[in-house]
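Summary of structural features
Spelled out, the chains give:
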Amino acid sequence: MSVTERRPTGDLVKDDDYGALKVVPVRHPWRWAAVAVTAVLVAQFVHGLATNSGWEWEVFAEFFTADVILEAVWVTLQLTFYGTALGFALGIVIAFMRLSASPFLKSVAFAYIWAFRSIPLIVQLLFWFNLAYLYKELQFGIPFGPGFFSFDTMGLVGAMSAAVLGLALHQAAYAAEIVRAGVLAVDSGQLEAAAALGIPRLRQIRRIVLPQAMRSILPNAANEIISLFKGTSIVSVMAIGELFYQVQVIYGRNGRVVPLLMVATAWYVLLTTALSVLQHYVERHFSKGESR
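One structure accompanies this document, and this report is about it. Predicted model only: the values in this text are computed from it and were never measured.

Time to look at the side chain of Thr84. Tracing the sequence through the fold places Thr84 in helix α3 (residues 67-99). According to the relative accessible area criterion, Thr84 is buried, its value standing at 14%.

Going through the model one piece at a time under the given rule, you end up with three salt bridges. We note a salt bridge from Arg256 to Glu56, for which the minimum N-O separation is 2.9 Å. Linking Arg256 in the loop between α11 (243-254) and α12 (257-286) with Glu56 in the loop between α1 (29-51) and α2 (57-64), this pair joins segments that are 200 residues apart in sequence. For Arg256, a relative accessible area of 35% gives the class partly exposed. One salt bridge in this structure joins Arg180 and Glu177, with 3.1 Å as the shortest N-O distance. Of the two residues, Arg180 and Glu177 are both situated in helix α8 (residues 159-184); the distance of three residues between them amounts to about one turn of the helix. Assessed through its relative accessible area of 22%, Arg180 is described here as partly exposed.

Moving on: the packing of aromatic side chains. Inspection of the entire model under this criterion finds eight aromatic pairs. Taking the centre distance of 5.1 Å and the plane angle of 75 degrees together, the rings of Phe127 and Trp128 count as edge-to-face. Exposure remark for Trp128: the relative accessible area of 18% places this residue in the buried category. Residues Phe229 and Tyr268 carry aromatic rings whose centres are separated by 5.5 Å and whose planes lie at 70 degrees to one another, so their mutual orientation is edge-to-face. Taken together, the positions of Phe229 in helix α10 (residues 201-231) and Tyr268 in helix α12 put the pair 39 residues apart, joining distant regions of the chain. Here Phe229 and Tyr268 have matching classes, each one buried. Put simply, the rings of Trp55, Trp57, Phe60, Phe64 and Trp267 touch in pairs and so form one group of aromatic residues.

Cut-offs applied
Residues numbered from 1 in each chain as written. Predicted model: local features only at pLDDT ≥ 70, side-chain atom pairs only at ≥ 80, totals over all residues. Heavy atoms only, no water. Helix = DSSP H or I, 4+ residues; strand = E, 2+ residues; numbered from the N terminus. Buried < 20%, exposed > 50% of the residue type's maximum accessible area, 1.4 Å probe, protein only. Salt bridge = Lys/Arg side-chain N within 4 Å of Asp/Glu carboxyl O. Phe/Tyr/Trp six-rings, centres within 6.5 Å; stacked < 30°, edge-to-face > 60°.

See the structure below:
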């Protein structure tokens, strides 16, 4: 027995004749209203950028590729690279200290992370910049005994060294938690299987744990690197010639605040976009063999 339905016109339609029915798409009037309002706001913003003389795009174009700005961008990239490399190298060590079976190592790692996440970065930078005030020289020798040789901290820790040291130690606290979370995301059964096969512990970590943990580590690590890249602007308090400091120096001389700030903004956006593209390809590399 077939089932019939009644058309809006009153005609009956059999269950095997649904192709004759008229399909009406769902309408979303409020969605289109939101699109229209958003498009108008975006158009007004772009129009203001193009027509408002206060942006002074000719000044922007003059300084965007100026030698002093390019040198400042290079300093910013150096601070980001060294801070990231040293920070994550130390962070990996601290992460495995927290994962160790030693209560002492766990406590030291937890105390480090707690301290460096609690103290503002600007305070850390100023502390390392004034290290010579506390320690006139650093000695190397027998602990609590005589020293064999020493370094003058005034000449050893300059502004650039203090900035890299502060950024790296600060970054290590966050990197440690990112790495620890990634390692914990790996199924412990794989380590048990590797141990049963007699694979050395170091090789288990290097060939089994870390490649899989990278899938969880990379998104958060990329966010931290981008945050560090933008956070290098804070070293301007130490009169280091990075991007934001040089922009401040220039607009302090010529009074063109807005276009110079746009120069810094454009470089930050450009380089952050490049880092995001690099993140995409690195994540795709470590996602090989994973199906979603």
